[in-house]
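Overview (structure and organization)
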Amino acid sequence: MKTKTNLFPLKPPTEIHTNTILDSIVEGVFTVDENLKITYFNHAAEKITGVPKEEAIGQYCFEALRSNICEKSCPVSESLKTGKSTINLQVNILRPDGKQLPVSINASVLKDENGKVIGGVETFRDLSTIEALRKEIKKKYTFEDIISKNHKVLQIFSILPNIAESDSTVLIQGPSGSGKELFARAIHNLSFRKEKPFVAINCGALPDNLLESELFGYVKGAFTDAKKDKPGRFELAKGGTIFLDEVESLSPATQVKLLRVLQEKEFEPLGSVAPIKANVRVISATKDNLADLIRENKFRDDLYFRLNIMKIELPPLVERRDDIPLLVNSFIDKFNHRMGKFITSISNDVLNILMKHNYPGNVRELENIIEHAMVMCQNEEIQVEHLPIEFLSQDFISHSPKTPEEPLQKTECQAILEVLQRHDWNKNEVAEELRIHRSTLWRKMKKYGLI
Amino acid sequence: MKLLAIPNFGERISPRLDYAESLHLITVEENSVIKKETIKIIPHNLLDRINLIIGLKPNVVICDGLSDLIYNKLTENKIEVIPWIHGSVNEIIEKYLNGDIQVKATKI
């Protein structure tokens, strides 16, 4: 016997069904009447806004949501006026517990079965997890072993992979302690030579005759004490990268030999007549401006042009002060690991002092200060008394922030300092929170001695 | 005599002091309003907004939501802040004069 097929197995949803469905979704949903008073508020809306349904029903939607655009351009009001919908508008709402949440909202009009407008509906999605992830990614200001969020350094980060890929010579110019070798290593690690050796030599650390044999090696009998062949750094770096630090210290004679390596791609060890092929990438570094040395006839221009195919200029730490909190945290982690300590932070006073210091020794000096402080610190937070005495006498007294005398200026200065500290001195984020232009922030920071 | 500052959105208290576009300034004496004026605060960024409110020298700010920054700066400048209040401005003033406004417990 044939059974009758039910062509309409699903009944139209009742109001209870609709509420159950709306309460089970993760998006907040509420409806309002034409006066913007809430008529429906689902479970997710309660959860996201922190406002209980019983309290929300009958309330004005702007008092339940407290979004940053409620007064200026309410999307529900706009929909009621124009009939147009709003899709994926990103705003922030303020919960009764004081927490701000980023949300994405959609809004449109609600019509009855006759097409008459009876109010509006808004759905919204909590973006805080996505926002947190975005911030996490943004916080990854690490490139190989280099940490920075400074825009100049980030620009260098962005071109490093291309430089690494090119296999051209690279000249890194930057003051002492600015991390030239770290950049050289990063280039090596990103290049196809990464599996081969990275050999570093400081050209200023050895007398000229020793440097030559160090660079190119020698053969047995080349001089009195040459009992056996000794490979030079160029040979040790075979297939890899040689990093010539303080290249400005090279004597004219060694400059000529280095030029030959770069031109002919070969070199001769001391006492040898058989040239050796130099399959090596040369990265050199200088703290001086080589162009100036050329004008003073202290450096060969032809060598300079060979070394300077790609140039990276590293800023001194005073020009990337926004990196100081990031670097401090990184050094604390590093020394905690090395010293077996559990130091978690530095006091605000210490941070203020570190932010004001001029760092003639650049990042290396900051690292040394943190190492000293961590040796002295016996609790969880580095305090002013843990800093080196000479450092204190210079900075604590002479570089403390200017204290504005006018009460309003004092409040403004403190407000800026508070937000700067909260955002790890990230000026973009601070300007965004204070809703002022970056240049205005910079001007105010300068005015209050915060730069 | 006391000066109350109440950010408003039409006849209601503004939902957020940080984004309010208008501010009622109400002078009260012996439980009655003796002067009421309204100023626009649209173009002010957060720092200017804080400075503006402090510069008006109110004794009390009655508002709904606000950031920790504004709250801290106002209270540091000896301004009493009564936050998380919503409703009609006139009703709230009346409640304030009758001593019926309670400061809600908040994170701040």
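Everything discussed here concerns the structure shown above.
Residues numbered from 1 in each chain as written. Chains lettered and ligands numbered in written order. Predicted model: local features only at pLDDT ≥ 70, side-chain atom pairs only at ≥ 80, totals over all residues. Heavy atoms only, no water.

Points about the overall build of chain A
A count of helical and extended segments in chain A gives 21 helices and 18 strands. Its C-alpha atoms give chain A a radius of gyration of 33 Å, more than 25% over the compact-globule value 22 Å for 451 residues. For the C-alpha atoms alone, the extent of chain A along its principal axes is close to 105 × 85 × 45 Å. Expressed as a percentage of the 451 residues in chain A, the buried residues total 46%. (Helix = DSSP H or I, 4+ residues; strand = E, 2+ residues; numbered from the N terminus. Rg over C-alpha atoms; globule rule 2.2 N^0.38 Å. Buried < 20%, exposed > 50% of the residue type's maximum accessible area, 1.4 Å probe, protein only.)

Quick notes on the sheet that holds strand 3 (residues 86-94) of chain A
All names here are of chain A. Ordered in space as 2-1-5-4-3, the five strands form an open sheet in which the pairing is antiparallel. Edge positions in the sheet fall to strand 2 (38-41) and strand 3, since each of these pairs with one other strand and no more. Strand-to-strand twist of the sheet, defined as the mean angle between neighbouring strand axes without regard to direction, takes the value 30°. As judged from the seven bridges shared by strand 3 and strand 4 (residues 100-111), these two strands associate in the antiparallel manner. Of the residues in strand 4, the one forming a bridge with Asn-92 is Pro-102. (Pairing = 2+ DSSP bridges. Axes fitted to C-alpha atoms, helices over the stretch in contact; angles between N-to-C directions.)

What to know about helix 8 (residues 151-166) of chain A
Residues and elements named next belong to chain A. With 16 residues, helix 8 extends 23 Å from end C-alpha to end C-alpha; this agrees with the ideal 22 Å at 1.5 Å per step. At Ile-159, helix 8 shows its strongest bend, of approximately 40°, with the proline Pro-161 following within four residues. Within the span of helix 8, buried status applies to Val-153, Ile-156, Phe-157, Leu-160, Ile-163 and Ala-164. Where helix 8 begins, the capping side chain belongs to Asn-150, and its oxygen is found 2.8 Å from the backbone nitrogen of Lys-152. (Expected span 1.5 Å × (residues − 1). Bend = angle between axes of the 7 residues up to and from the residue. Polar contact = N/O pair within 3.5 Å; in protein donor to acceptor, adjacent residues only side chain to side chain.)

As for the nonpolar core
In this structure, Leu-354, Leu-366, Ile-370, Ile-382, Ile-416 and Leu-434 of chain A together with Leu-74 of chain B are the most contacted members of the largest nonpolar core, which totals 63 residues. The element best represented in this core is helix 15 (residues 324-339) of chain A, accounting for seven residues. With 28 residues, the next largest nonpolar core counts Leu-171, Phe-216, Ala-237 and Ile-294 of chain A among its residues. (Core = buried A, V, L, I, M, F, W, Y, C linked by side-chain atoms within 4.5 Å.)

Some thoughts on the pattern of salt bridges
All names here are of chain A. Taken as a whole and assessed by the stated rule, the structure comprises 26 salt bridges over all chains. Here Lys-53 and Asp-23 are joined by a salt bridge, their closest N and O atoms 4.0 Å apart. Taken as a pair, Lys-53 in helix 3 (residues 53-56) and Asp-23 in helix 1 (residues 15-24) lie far apart in primary sequence, 30 residues in all. Given a relative accessible area of 26%, Lys-53 falls into the partly exposed group. Judged by its relative accessible area of 27%, Asp-23 falls in the partly exposed class. The partner of Glu-212 in a salt bridge is Lys-257, and the shortest N-O contact between them spans 1.9 Å. Within this pair, whereas Glu-212 is found in helix 10 (residues 208-216), its partner Lys-257 is found in helix 12 (residues 252-264), the two being separated by 45 residues in sequence. Given a relative accessible area of 35%, Lys-257 falls into the partly exposed group. Bridged by salt links that share partners, the residues Arg-260, Glu-266, Glu-268 and Lys-277 form one connected network. (Salt bridge = Lys/Arg side-chain N within 4 Å of Asp/Glu carboxyl O.)

Some points on the pairing of strand 12 (residues 241-245) of chain A
Regular strands place their side chains on alternate faces of the sheet. Residue and element names in this part refer to chain A. With five of five residues buried, strand 12 lies mostly within the body of the structure. For strand 9 (residues 198-202) and strand 12, the ladder comprises five bridges, and the chain directions are parallel. Its bridge partner lying in strand 12, Ala-200 is registered against Phe-243. Across four bridges, strand 12 lies against strand 15 (residues 281-286) in parallel orientation. Along strand 15, the bridge assignment pairs Leu-244 with Ser-284.

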